[in-house]
Amino acid sequence: MSALVLPLLFATVLWFLSTGLVLWLDRLPSHTWPISIIGATVLSGFAMGGIIFTAGETGAVAAYVAFVCALILWGWHEMSFLMGFVTGPNRAPCPQDARGWRRFRLAAATLIHHEVAIFATALVLMAATWGQPNQTATLTFILLFVMRLSAKFNVFAGVPHLSLEMMPDHMRYLASYFRVAPVRWFFVASLAGIAAIAAWLGTLALAAPDGLQTGYALAFALVVLAFLEHGFLVVPWQDTAMFRWAMRRREQKTAQRQLQAATIEQSSTLAAFEAARQ
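All values reported here derive from a predicted model rather than from experimental measurement. (Residues numbered from 1 in each chain as written. Predicted model: local features only at pLDDT ≥ 70, side-chain atom pairs only at ≥ 80, totals over all residues. Heavy atoms only, no water.)

Sorry, what's going on with the confidence of the model for the protein here?
Any residue range with low pLDDT should be treated as having predicted coordinates unsuitable for detailed reading. Per-residue confidence for the protein averages 86 on the pLDDT scale, and 83% of its residues sit at or above 70. Contacts for the low-pLDDT stretch residues 252-256, under 50 throughout, to residues beyond four places or in other chains number four contacts. Below pLDDT 50 for its whole length, residues 258-278 participates in 18 contacts with residues either more than four positions away or in separate chains. (pLDDT = per-residue confidence, 0-100. Contact = heavy atoms within 4.5 Å.)

Printed below as a string of structure tokens:
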């Protein structure tokens, strides 16, 4: 069990700092975004080189390096999306009368370029590390992709609580495609699937030889964090409260007002659902 503790702490701290850094850069004036994305692109090039270089290596150091490099690549995709460089052809709010397939099609069009770019990166990582012993980077990136897709499908289908506090102003049209609703079977199935993956990776980490143990442990840590993030979708406490340090004071006040309004709206919607069920 001790083999999981250090990777869990490392992944948690790195996730916290990297997420906050991306949010902070996105909160800077828009004229700084091209500089940020160019810098992230250069850093991503080095990260890809690090992944290729460590693919044939085993051991804890190689696993940690590959993990960090995969997070750098993931951070580029998050930045390019939040800054509006790679999103989708649809940047309009959801029409109030949109239902069913039309609503799904419009929602998918808001981020399809982003998803395709992530998928293409995953394919490149798979090709670059194919047949190599150190699969930490590829596994990390694919897990991030799958867990984020799960969260996106759940907020589209409907969850009791939405976290809108950290959403940039120029991306707030995305919130119109979210739905506040009681817990549904899809959310329960998602949590069960994530828990099963975590158990599988934890078992692999405990049973793997020393050279591969750290990579599986880091992947296990990521899935545990994803499980917790999904849990925040059904509890009143907002996980974005942890990242308010990445916001300027003026934006914090604005976000707090928006969060209060969103909480009231969520409560009203849930009350309507309960009344309809009765």
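Whenever I open this one, the environment of Leu4 confuses me. Can you help?
Here Leu4 is to be found in helix α1 (residues 2-27). Take Leu4: its relative accessible area is 7%, and that puts it in the buried class. Separated by 209 residues in sequence, Leu4 and Gln213 have C-alpha atoms that sit 8.8 Å apart. Setting aside chain neighbours within four positions, we find Leu4 in contact with Ala205, Leu206, Ala217 and Phe220. (Helix = DSSP H or I, 4+ residues; strand = E, 2+ residues; numbered from the N terminus. Buried < 20%, exposed > 50% of the residue type's maximum accessible area, 1.4 Å probe, protein only.)

Would you take a moment to explain the pattern of salt bridges for this structure?
Where charged atoms of side chains with opposite charge meet at close range, the side chains can pair. The final tally for this structure, using the stated rule, is five salt bridges. Here Lys152 ties to Glu115 by a salt bridge, and the two come within 2.3 Å at their closest N and O atoms. Note that Lys152 is positioned in helix α6 (residues 136-157) and Glu115 in helix α5 (residues 112-129), a separation of 37 residues in sequence. On the basis of relative accessibility, which here comes to 23%, the residue Lys152 falls in the partly exposed class. Exposure remark for Glu115: the relative accessible area of 10% places this residue in the buried category. (Salt bridge = Lys/Arg side-chain N within 4 Å of Asp/Glu carboxyl O.)

Help me understand the packing of helix α3 (residues 60-82) against α6, please; the structure alone is not making it clear to me.
The relative placement of two packed helices comes down to the angle between their axes together with the axis-to-axis distance. Look at α3 against α6: their axes get within 8 Å of each other, and the N-to-C directions meet at 40°. Here α6 runs oblique to α3, going by the angle between their axes. The interaxial crossing formed by α3 with α6 has right-handed handedness. On α6, the residues that touch Ala63, Ala66, Phe67, Ala70, Leu71, Leu73, Trp74, His77 and Glu78 of α3 are Thr136, Ala137, Thr140, Phe141, Leu144, Phe145 and Arg148. For the contact of α3 with α6, the per-class residue count stands at 11 nonpolar, three polar and two charged. (Axes fitted to C-alpha atoms, helices over the stretch in contact; angles between N-to-C directions. Parallel < 35°, antiparallel > 145°, perpendicular 65-115°, else oblique. Left-handed = near helix turned anticlockwise from the far one by under 90°. Nonpolar A, V, L, I, M, F, W, Y, C, P; charged D, E, K, R; others polar.)

So what exactly am I meant to see when it comes to the environment of Ile197 here?
Inspection of the secondary structure puts Ile197 in helix α7 (residues 185-207). Overall, Ile197 belongs to the partly exposed group, its relative accessible area being 27%. When the C-alpha atoms of Ile197 and Ala219 are compared, they prove to be 9.7 Å apart, with 22 residues separating the residues in sequence. Excluding residues that lie within four positions of it along the chain, Ile197 makes contacts with Leu143, Met147 and Val223.

Please clarify how the side chain of Glu115 should be interpreted in this entry.
At 2.3 Å, the side chain of Glu115 forms a polar contact with the side chain of Lys152. Among residues more than four places away in sequence, those in contact with Glu115 are Phe145, Leu149 and Lys152. (Polar contact = N/O pair within 3.5 Å; in protein donor to acceptor, adjacent residues only side chain to side chain.)

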